[in-house]
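Below are the chains, spelled out letter by letter.
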Amino acid sequence: MSTRPGAAFDAFLETTAPRAAERRDWTPEDGALPALYLSHGAPPLFDEAAWMEQLFAWAQGLPRPKGVLIVSAHWEAAPLMISSPAPGTPLVYDFGGFPERYFRMTYETPDATAMARRVAAAMPDTEPLHRHASRGLDHGAWVPLKVMYPHGDVPVLQLSIPTHDPDRLMDLGRRLRPLREEGYLVIGSGFMTHGLPFIDFRRPDAVPGWSADFDAWVAEALERGDIDELARYRSQAPGMPYAHPTVDHYIPLFVTYGAASEQEQRAETVIDGYWLGLSKRSFQLA
């Protein structure tokens, strides 16, 4: 096995990514696209061949969307902001300690001005949308999307997280729900457990009890479609606060649920398991 950074990604681009050309474009006859929550991974995701295969297969199972609107754990800003819609906007390399290769990666997506206008129109007058003219995509967006849409042929916009309040995030998701019916893919991007300070990097295959317990609690609530239980994570979830010493990687889930056709529905888990002891659980809602 090669130790060159991103070697698995290079193999993916050569052997798997060409199948993206087989994907057909969304049409109104397809109906609403699902709302997604995905555990996105840092740049070392490009060394995880199995994970890339899962992400790519997930995207392949859907029509190519008109655009992707993604809410990433790595952009918390109020008032509500949207990234630059200009084509080829530079990426945000919001990480450190990784090989230089990851700081040279690009993802030149098409113009997203039409999508930006549509998202702005969906927002209430009480919460205007600020366009951040120079803000590109951070790694919570571009790392998974380089795998899901490796040709960079889908317009992408990133929306900031303006609050930690589940109810307000659900309301934000509800505003985005009509976009799904118009062929846009709405994604909440986080990580189902994210207790990085408590990981034993000497044992990358070990799953801490707090991570396994939190994941099991989430899986049960997702199976029931119990959004109220998911919103009580601070007081009810086992493994807290180790699973989420900060909550930014969990709360994109509420935007996903808000954007769903029905809030109390059983989620379809598409990816599960662990990476460095962290839960990769990712799901979609109709």
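Anything mentioned here points back to the structure above.
Report follows, based on the coordinates. As the structure is a prediction and not an experimental result, all values here were calculated from the model.

A word on unusual backbone geometry. Omega for the peptide link from Ala78 to Pro79 comes to 0 degrees, which places this bond in the cis form. Structurally, Pro79 can be placed in the loop between strand E2 (67-76) and strand E3 (81-82). Going from Met240 to Pro241, the amide bond is cis rather than trans, its omega being 5 degrees. Positionally, Pro241 belongs in the loop between helix H8 (233-236) and helix H9 (252-259). The phi dihedral of Leu276 is positive, around 55 degrees, even though this residue is not glycine.

In this structure, Leu159, Leu230, Tyr250, Leu253, Phe254 and Tyr257 are the most contacted members of the largest nonpolar core, which totals 90 residues. Those residues in contact with Tyr250 that sit more than four places away from it in its chain are Tyr37, Phe191, Met192, Phe214, Trp217, Val218, Leu230, Tyr233 and His244.

In this section: the side chain of His194. For His194, the location among the structural elements is in the loop between strand E6 (184-190) and helix H6 (209-224). According to the relative accessible area criterion, His194 is buried, its value standing at 15%. In terms of polar contacts, His194 uses its side chain to reach the side chain of His249, at 3.4 Å. Those residues in contact with His194 that sit more than four places away from it in its chain are Ala243, His244, Pro245, His249 and Leu278.

Tallied over the entire structure, the rule returns 1 cavity of 30 Å³ or more. Of the voids in this model, the largest cavity is the one considered here, and its volume is about 70 Å³. Along the wall of the largest cavity there are 13 residues; nearest its centre are Ser84, Thr89, Thr109, Leu137 and Val156. A per-class count over the lining of the largest cavity returns 7 nonpolar, 5 polar and 1 charged.

Time to look at the environment of Pro162. Within the secondary structure, Pro162 is located in the loop between strand E5 (156-161) and helix H5 (166-181). Spatially, the C-alpha atoms of Pro162 and Phe98 are 29 Å apart, while their sequence positions differ by 64 residues. Look past the residues within four positions of Pro162 in its chain and what remains in contact with it is Ala77, Ala78, Leu80, Glu127, Leu169 and Leu172.

Glancing now at the pairing of E5. Across the 6 residues that make up E5, a large majority, 6, are buried. As judged from the 5 bridges shared by E2 and E5, these two strands associate in the parallel manner. Across the sheet, residue Ile70 finds its bridge partner in E5, namely Gln158.

The contact between helix H2 (residues 49-60) and helix H4 (residues 139-148) brings their axes to 8 Å, and the two run at 70 degrees. Relative to H4, the element H2 lies roughly perpendicular. In the crossing of H2 with H4, the sense of the turn from one axis to the other is right-handed. When H2 is examined against H4, the residues Met52, Leu55, Phe56 and Ala59 are found in contact with a partner set consisting of Pro144, Val147 and Met148. A per-class count over the contact of H2 with H4 returns 7 nonpolar, no polar and no charged.

What follows covers the environment of Glu264. Position of Glu264 relative to the elements: it lies in the loop between H9 and strand E7 (268-271). The class of Glu264 is exposed, set by a relative accessible area of 60%. Spatially, the C-alpha atom of Glu264 lies 9.2 Å from that of Leu222, the residues being 42 residues apart in sequence. Once residues lying within four places of it in the same chain are set aside, the contact partners of Glu264 are Gly225, Ile227 and Asp228.

The subject of this paragraph is the pattern of salt bridges. The final tally for this structure, using the stated rule, is 16 salt bridges. Salt-bridge contacts for Asp25 lead to Arg64; the nearest nitrogen and oxygen are separated by 2.6 Å. Separated by 39 residues along the polypeptide, Asp25 in the loop between helix H1 (7-15) and strand E1 (35-39) and Arg64 in the loop between H2 and E2 bring together distant segments of the chain. Taking the relative accessible area as the measure of exposure, Arg64 reaches 14% and is therefore buried. Here the residues in one salt-bridge network are Arg4, Asp10 and Arg101, joined through shared partners.

Rules used in this analysis
- Residues numbered from 1 in each chain as written.
- Predicted model: local features only at pLDDT ≥ 70, side-chain atom pairs only at ≥ 80, totals over all residues.
- Heavy atoms only, no water.
- Helix = DSSP H or I, 4+ residues; strand = E, 2+ residues; numbered from the N terminus.
- Core = buried A, V, L, I, M, F, W, Y, C linked by side-chain atoms within 4.5 Å.
- Buried < 20%, exposed > 50% of the residue type's maximum accessible area, 1.4 Å probe, protein only.
- Contact = heavy atoms within 4.5 Å.
- Polar contact = N/O pair within 3.5 Å; in protein donor to acceptor, adjacent residues only side chain to side chain.
- 1 Å grid on protein atoms, 1.4 Å probe; cavity = no way out; pocket = protein on both sides within 12 Å on 5 of 7 lines; lining within 4 Å.
- Points joined across faces, edges and corners; volume = space filled by probe spheres on them.
- Nonpolar A, V, L, I, M, F, W, Y, C, P; charged D, E, K, R; others polar.
- Pairing = 2+ DSSP bridges.
- Axes fitted to C-alpha atoms, helices over the stretch in contact; angles between N-to-C directions.
- Parallel < 35°, antiparallel > 145°, perpendicular 65-115°, else oblique.
- Left-handed = near helix turned anticlockwise from the far one by under 90°.
- Salt bridge = Lys/Arg side-chain N within 4 Å of Asp/Glu carboxyl O.

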